[in-house]
Amino acid sequence: YHFDYGHGEKLTIACSMQDAFIVNQYLYKTITSLVVCKEWKNDKKRKEYTHKIILEDLLIEELKSYIESYNKENDLVSKLSITHEFIDKMLLTSDNGMEAIKFLLIAYNDINFHLSELKTLLIISKPFKDDELIKEFREALLATYEKKKMNA
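These remarks concern the structure in this document. Per chain, the residues get numbers from 1 upward, laid out in the order the sequence is written. Per-residue local features are limited, in this predicted model, to residues with pLDDT of at least 70; the limit for side-chain atom pairs, both in listing and counting, is 80 or more; totals at the level of whole chains, interfaces and linings are taken over all residues. Water and hydrogen atoms were dropped before computing side-chain values, which therefore reflect all heavy atoms in the structure.

Points about the side chain of threonine 83
Thought 1: Examined against the element boundaries, threonine 83 turns out to sit in helix α3 (residues 76-93).
Thought 2: Not counting residues within four places of it along the chain, the set of residues in contact with threonine 83 comprises Tyr66, Tyr70, Leu104, Tyr108, Leu121 and Ile124. Helix numbers and strand numbers start at the N terminus; a helix is a DSSP run of H or I with at least 4 residues, a strand a run of E with at least 2. Throughout, a contact is declared for two residues whenever any of their heavy atoms are within 4.5 Å.

Right, dumping it as structure tokens:
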């Protein structure tokens, strides 16, 4: 689908057919979606954007704060700590802790993330692996982790 910033600025965002049907329901409405951007070392190659999920209003501010902190950090161990602290905080201080885990399981379900990032989310979510809200998303991330681990 195409995301229009206005003033002629548009981004093409890759998504599945199923996601396209969901996104189409929000045509001409204001929404917040979680998108992963793949950047290339070669500046001449265009960034690739992939749709992950439309965010619910109740978590937008917390997720935005987490993503900003995460993206500012270059050190992998620090990034993993930020993720762990975010989930701990959400589980302790919010009724939306499981929803936050769900969004991260979906967001990180991408072969381009570091194996340790995938594993961290699998470890964090393991106590809740049978929770109906996250079960299918955790299983999908586990499959991606196993696939990436086999190719490493």
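A look at the pattern of salt bridges
Thought 1: Throughout this description, the term salt bridge denotes a Lys or Arg side-chain nitrogen within 4 Å of a carboxyl oxygen of Asp or Glu. Counted under the stated rule, the structure contains 2 salt bridges.
Thought 2: Note that aspartate 110 is salt-bridged to lysine 52, the shortest N-O span being 3.9 Å. A residue pair is termed long-range when its members are at least 10 positions apart, and aspartate 110 in the loop between α4 (97-107) and α5 (115-125) and lysine 52 in strand β4 (residues 48-54) qualify at 58 residues. The same class applies to aspartate 110 and to lysine 52, which are both buried.
Thought 3: Across the salt bridge formed by lysine 102 and glutamate 99, the nearest N and O atoms sit 3.3 Å from each other. In this pair, lysine 102 and glutamate 99 are both assigned in helix α4, 3 residues apart and thus about one turn of the helix distant. Per-residue accessibility, obtained with a 1.4 Å probe over protein chains only, is compared with the maximum for each type, and a residue is labelled buried under 20%, exposed over 50%, and partly exposed between these values.

Some words on a nonpolar patch on the surface
Thought 1: On the surface, Ile22, Tyr26 and Ile31 cluster together into a nonpolar patch covering about 210 Å² of accessible area.
Thought 2: In this fold, tyrosine 26 is placed in the loop between α1 (17-24) and β3 (33-38). Like charges within 9 Å and nonpolar side chains (Val, Leu, Ile, Met, Phe, Trp, Tyr) within 5 Å are joined into patches, using only residues over 30% in relative accessible area that form no salt bridge. What sets the accessible areas is the Shrake-Rupley method with a 1.4 Å probe; for residues, cover comes only from the shown protein chains.

Some points on the nonpolar core
Thought 1: One finds Leu55, Leu63, Tyr66, Phe86, Leu104 and Tyr108 to be the most contacted residues of the largest nonpolar core, which totals 30 residues.
Thought 2: Elements that contribute at least two residues to this core include exactly β3, α2 (60-72), α3, α4, α5 and α6 (135-151).
Thought 3: Among the elements that make up this core, the one with the highest residue count is α4 (8 residues).
Thought 4: Once residues lying within four places of it in the same chain are set aside, the contact partners of tyrosine 108 are Tyr66, Tyr70, Thr83, Phe113, Glu117, Leu118, Leu121 and Leu141. Note on terminology: a nonpolar core comprises buried Ala, Val, Leu, Ile, Met, Phe, Trp, Tyr and Cys residues joined through side-chain atoms within 4.5 Å.

Comments concerning the packing of aromatic side chains
Thought 1: Pairing of aromatic side chains here covers Phe, Tyr and the six-membered ring of Trp, requires ring centres within 6.5 Å, and sorts the geometry by plane angle: under 30 degrees stacked, over 60 edge-to-face, intermediate tilted. Under the criterion given, the structure shown has 4 aromatic pairs.
Thought 2: Between tyrosine 66 and phenylalanine 86 the ring centres are 4.7 Å apart and the planes differ by 25 degrees, which places this aromatic pair in the stacked class. Residue tyrosine 66 is located in helix α2, and its partner phenylalanine 86 is located in helix α3; the two are separated by 20 residues in the primary sequence. For the pair shown, tyrosine 66 and phenylalanine 86 are each scored as buried.
Thought 3: When the ring of tyrosine 108 is compared with that of phenylalanine 113, the centres are 4.6 Å apart and the planes differ by 45 degrees; the resulting orientation is tilted.
Thought 4: According to the relative accessible area criterion, tyrosine 108 is buried, its value standing at 5%.
Thought 5: Every member of this aromatic cluster is reached through a ring pair, and the members are Tyr66, Tyr70, Phe86, Tyr108 and Phe113.
Thought 6: We count a charge as sitting over a ring when the NZ of a lysine or the CZ of an arginine lies within 6 Å of the ring centre and within 35 degrees of the ring normal. In this structure, lysine 79 packs its charged tip against the face of tyrosine 70, placed 4.2 Å from the ring centre.

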